[in-house]
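# Observations on the three-dimensional arrangement
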Amino acid sequence: MSDYVIETRNLTKFFGKRNVVYHLNLKVPRGAVYGFLGPNGAGKTTTIKMLTGALKPTYGEIKIFGMEMPRERVEIIGKVGYMPEKPLAYDDMTIFEFLTYMGRLKGLSREEAIRQARELMAYTGVGRLAFNRIKELSSGQRQRVIFAMALMGDPELLILDEPTSNLDPLGRMEFTGKVLELARAGKTIFVSSHIVSEIERTCNHVGLIKDGQLIEQGRVRDLINIESTDYDVVVSDASKLLAFLREKVYVREAWEEEGLVRVKLDERFLDDFFLELPAFIASEKLALKLFKPHTSPLERILTERFNVRWEE
Ligand SMILES: Nc1ncnc2c1ncn2[C@@H]1O[C@H](COP(=O)(O)OP(=O)(O)OP(=O)(O)O)[C@@H](O)[C@H]1O
């Protein structure tokens, strides 16, 4: 079997005469967290819709787990969790009903669907909203529910389309922790974004798409060629944050500088950092004003080499 969980050959999509995706050769290794990075309108959603069988390619091949999309769609879908960019339909269902229903569609028994729905509502932070209707939710809460939906049935591959676009900085940080944790549990994750710093802190592989074409693909580390384990954080109470950080085994150093807290991490435990820090910030009721990698070498390289303009 191929080592690639997702592999495409010359994947191409025209809408009428308009070419939106052209000759894409994606290679997503097993166990990778693969960032599909590109500016707005580059063709990410169109590509993802083809990968998940929602849209038929004009031509080209897609293999997922070695199986052909769309020919073996049903078998593939059973192993994939998909988080679409668009908001949910099912407005009148409660979160609990919706997730249970999605679990049933994935082939789970009623009891198992209920068990997983409960577990995933807690995991994604919407447990206390279980009996709220989808239409009553904020866009960030909906995004958490869609993430829970993608995780129903414990899929081996997650395809996430701009999963954090409606989350606040704290929600984004939590999300990074969860993705790293899922990757550590052996899942392959394909995640699209137009935010370089987010891909940089979450992903170990990257594919860069511009005007429908893949212009770079590979390991993030090979591309940036330096370790990126320094983060800048601004919260409402820096001394509390410093006291917390200095107790952690994964923090090599933490200090205050020019109004922000700089933290140097041990990269082996990044997921612990991304899980524990948001929990701490929330429990201490601190306001998170800034969180980003200290430098963004990837952003600089991409701008210089490919002349792509990025926005936060
Ligand atoms: N059904 C369609 N018919 C015609 N054009 C389309 C259709 N769907 C998408 N497009 C166009 O294809 C281009 C790529 O769109 P796509 O949504 O794939 O980009 P994207 O990289 O996901 O961008 P964003 O981050 O803004 O969602 C856009 O210019 C869009 O207007």
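If you're wondering where the values come from, they're calculated on a predicted model, not measured in any experiment.

### Things to note about the site of the ligand
Near the ligand lie 13 residues; those nearest to it are Arg18, Gly41, Lys44, Thr45 and Thr46. Take Glu85: an N or O atom from its side chain is 3.3 Å from an oxygen atom of the ligand. If the ligand stood free it would expose 640 Å²; the protein chains cover 63% of that surface. Of all the secondary-structure elements, those providing two or more residues to the shell around the ligand are strand S2 (18–24) and helix H1 (44–51). Counting residues per element, the shell around the ligand draws most heavily on H1, at three residues. In the shell around the ligand, the residues fall into four nonpolar, five polar and four charged.

### Structural notes on the environment of Glu68
Topologically, Glu68 is positioned in strand S6 (residues 67–69). Judged by its relative accessible area of 34%, Glu68 falls in the partly exposed class. Separated by 172 residues in the primary sequence, Glu68 and Lys240 place their C-alpha atoms 53 Å from one another. In this structure Glu68 touches Ile62, Lys63, Arg73 and Ile76, once residues within four positions along its chain are discounted.

### Section: the pattern of salt bridges
Within the structure shown, the criterion is met by 22 salt bridges. For Arg142, the salt bridge identified is with Asp91, shortest N-O distance 3.7 Å. Residue Arg142 is located in helix H5 (residues 139–151), and its partner Asp91 is located in the loop between strand S7 (80–83) and helix H3 (95–105); the two are separated by 51 residues in the primary sequence. Of the residues examined, Asp91 reaches a relative accessible area of 33% and is grouped as partly exposed. With a closest N to O distance of 3.7 Å, Arg252 and Asp266 form a salt bridge. Of this pair, Arg252 sits in strand S13 (residues 251–257) while Asp266 sits in the loop between strand S14 (260–265) and helix H10 (270–283); the two residues are 14 residues apart in sequence, bridging distant segments of the chain. Taking relative accessible area as the criterion, Arg252 reaches 56% and is therefore assigned exposed. A relative accessible area of 5% places Asp266 in the buried class. Each of the salt bridges in this network shares a partner with another, and the network as a whole consists of Glu68, Arg71 and Glu72.

Cut-offs applied
Residues numbered from 1 in each chain as written. Predicted model: local features only at pLDDT ≥ 70, side-chain atom pairs only at ≥ 80, totals over all residues. Heavy atoms only, no water. Near = heavy atom within 4 Å. Polar contact = N/O pair within 3.5 Å; in protein donor to acceptor, adjacent residues only side chain to side chain. Areas by Shrake-Rupley, 256 points an atom, 1.4 Å probe, with all protein chains shown as cover. Helix = DSSP H or I, 4+ residues; strand = E, 2+ residues; numbered from the N terminus. Nonpolar A, V, L, I, M, F, W, Y, C, P; charged D, E, K, R; others polar. Buried < 20%, exposed > 50% of the residue type's maximum accessible area, 1.4 Å probe, protein only. Contact = heavy atoms within 4.5 Å. Salt bridge = Lys/Arg side-chain N within 4 Å of Asp/Glu carboxyl O.

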